[in-house]
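Structural overview
Here are the chains, one letter per residue:
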Amino acid sequence: MSPVVPTPLGMPLGTIEARMAELTGRHVPFVKATVVRARRPASARPGDTALVLADGRIEGFVGGVCAEATVRVQALRTLRSGEPLLLRISPRHRADGTGEAVVEEGAVSVSNPCLSGGELEIFLEPLRPAPHVVVFGESPIARAVLAFGPVLGYGITSVSGADGLSTEAPAGTRAVLIASHGRDEEPALLSALRAGVPYIGLVASPRRGAAVLAGLDLDEEQRARVHTPAGLWIGARTPGEIALSILAEVVQVVRSPEAESAEGARGGASAVPVTAIDPVCGMEVSITGVAPQVAEAAEAAEAAEARTPYSDAGDGDRQWFCCAACREAYEKDPARHVEAGAQ
């Protein structure tokens, strides 16, 4: 076991590593944020680390509340894109006098006027769970898929029998392949459909596949979600070639914009961060880490309010802030700050 080394004002490194292992084991997406450079005065130091979850929670330490507000916004964006990012945070404006973020390849520089004067560079590494594929059956095609899947970095689970697929697919399941050649196919199909798995493939001839679907009480939308014969048409004949065509179709479906958006709507790795502009300092802050349709839920709104200060003062809409100090300044004269923000 690695030694537990304390980090300044944050979680011990060993604790963060254990938390990362736990989240990975549960197929929970998150971003690892690591301070790689700090210019004084700054409360964070190189090596400080935090984890940013898909709902916007930050565990660990990478700076004060104002730095956290910027880290939260950018981390949620990297979680959606899947691309790592070097985040530079400085209290200074750009040379042209604007506070707009400067986006480069692999890096973004953000003006944060609430910082105490120091600068931070933080590496954001999104860690999204690998797509999980459940293979139902013990046919040669099923065995070939089990052999090829790990090469893609996918998690593969083999199940069989009438109770092989429960009413809930395993966490992170993006695809279910039914390759049992007629054994217990119907309950397995219904279980996958109930679980809302993005890809459902049935290994069967066109005629038999159509007959299986016709025998189930499904609507047109549900029938359309079942790919049968499973796999892209590449002229495959052997079990290995068919397995290749199936996995190619899995990649095509689970990486499609539609599947990514649906995953985001469930609060997964591709969730869209909802942001607002602090009317006092002009910073972009995260209201919540989930998509707008999820953000309408009371529990999501309450969780966001616990993280991001807000105020209903004034005659306009609710305003959100990077920190309590900006909220206090706003509440002393709401009209002035709203007017300044509009200009």
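Use the structure listed above.
Basis of the calculations
- Residues numbered from 1 in each chain as written.
- Predicted model: local features only at pLDDT ≥ 70, side-chain atom pairs only at ≥ 80, totals over all residues.
- Heavy atoms only, no water.
- Pairing = 2+ DSSP bridges.
- Helix = DSSP H or I, 4+ residues; strand = E, 2+ residues; numbered from the N terminus.
- Buried < 20%, exposed > 50% of the residue type's maximum accessible area, 1.4 Å probe, protein only.
- Contact = heavy atoms within 4.5 Å.
- Core = buried A, V, L, I, M, F, W, Y, C linked by side-chain atoms within 4.5 Å.
- Axes fitted to C-alpha atoms, helices over the stretch in contact; angles between N-to-C directions.
- Parallel < 35°, antiparallel > 145°, perpendicular 65-115°, else oblique.
- Left-handed = near helix turned anticlockwise from the far one by under 90°.
- Phe/Tyr/Trp six-rings, centres within 6.5 Å; stacked < 30°, edge-to-face > 60°.
- Salt bridge = Lys/Arg side-chain N within 4 Å of Asp/Glu carboxyl O.

1. Some remarks on the sheet that holds strand β11 (residues 199–202)
Taken together, five strands build an open sheet; the order of strands is β9-β8-β10-β11-β12 and the sheet is parallel. Looking at strand neighbours, the two that pair on one side only are β9 (155–159) and β12 (226–227), the edges of this open sheet. Bridge analysis of β11 against β12 gives two bridges, and the strand direction is parallel. Each residue of the ladder has a partner; that of Gly201, found in β12, is His227.

2. Let's talk about the side chain of Arg19
The topology assignment puts Arg19 in helix α1 (residues 13–25). Here Arg19 falls in the buried class, since its relative accessible area comes to 16%. Excluding its chain neighbours within four sequence positions, the residues that come into contact with Arg19 are Arg26, Leu51, Leu53 and Glu59.

3. Some details on the pairing of strand β4 (residues 85–90)
Relative to strand β7 (residues 119–127), β4 is paired through five bridges, and the arrangement is antiparallel. By the bridge assignment for β7, Leu85 is matched with Leu124. As paired elements, β4 and strand β6 (residues 107–111) share five bridges and run parallel to each other. Counterpart to Leu86 in the pairing with β6 is Ala107.

4. Overview of unusual backbone geometry
Look at the link from Thr228 to Pro229: it is a cis peptide, with omega at -5 degrees. Of note in the backbone geometry, Asp184 takes a positive phi value of approximately 55 degrees without being a glycine. Residue placement: Asp184 occurs in the loop between β10 (173–178) and α4 (185–195).

5. What to know about the nonpolar core
Formed by 22 residues in total, the largest nonpolar core has its most connected members in Val62, Val71, Leu87, Leu120, Ile122 and Leu124. Looking at this core, the elements that each hand over two or more residues are β1 (30–39), β2 (49–53), α2 (65–81), β4, β6 and β7. Ignoring sequence-local partners within four residues, the contact set of Ile122 consists of Ala33, Thr34, Val35, Val36, Val62, Val71, Leu85, Leu86, Leu87 and Ile89. Core analysis: the second largest hydrophobic core is formed by 20 residues, Val135, Ile141, Leu177 and Tyr199 among them.

6. Observations regarding the packing of helix α3 (residues 140–148) against helix α7 (residues 239–254)
Orientation of α3 relative to α7, taken along the N-to-C sense of each, is 60 degrees, at an axis distance of 8 Å. Taken together, the axes of α3 and α7 lie oblique to each other. Judged by the sense of rotation from one axis to the other, the crossing of α3 with α7 is right-handed. Within the contact between the two elements, α3 uses Pro140, Ile141, Ala144, Val145 and Phe148 and α7 uses Pro239, Gly240, Ile242, Ala243, Leu244, Ile246 and Leu247.

7. Notes on the packing of aromatic side chains
Evaluation of the coordinates by the stated rule reveals two aromatic pairs. For the ring pair Tyr310 and Trp320, a centre distance of 5.5 Å and an interplane angle of 45 degrees mean the geometry is tilted. Taken together, the positions of Tyr310 in strand β15 (residues 310–311) and Trp320 in strand β16 (residues 319–320) put the pair ten residues apart, joining distant regions of the chain. On the basis of relative accessibility, which here comes to 25%, the residue Tyr310 falls in the partly exposed class. Overall, the relative accessible area of 11% leaves Trp320 in the buried class. Plain terms: the ring middles of Phe321 and Tyr330 are 5.2 Å apart, the flat faces sit at 50 degrees to each other, and that makes the pair tilted. Its relative accessible area of 0% is what places Phe321 among the buried residues. On the basis of relative accessibility, which here comes to 1%, the residue Tyr330 falls in the buried class.

8. Regarding the pattern of salt bridges
One side chain can pair with another of opposite charge once the charged atoms of both are near each other. Taken as a whole and judged by the stated rule, the model has 13 salt bridges. The salt bridge involving Arg37 is made with Glu119; its shortest N-O contact spans 3.9 Å. Of this pair, Arg37 sits in strand β1 while Glu119 sits in strand β7; the two residues are 82 residues apart in sequence, bridging distant segments of the chain. A salt bridge links Arg57 to Asp55, with the shortest nitrogen-to-oxygen separation between them at 2.7 Å. Overall, the relative accessible area of 38% leaves Arg57 in the partly exposed class. Given the relative accessible area of 24%, Asp55 is considered partly exposed.

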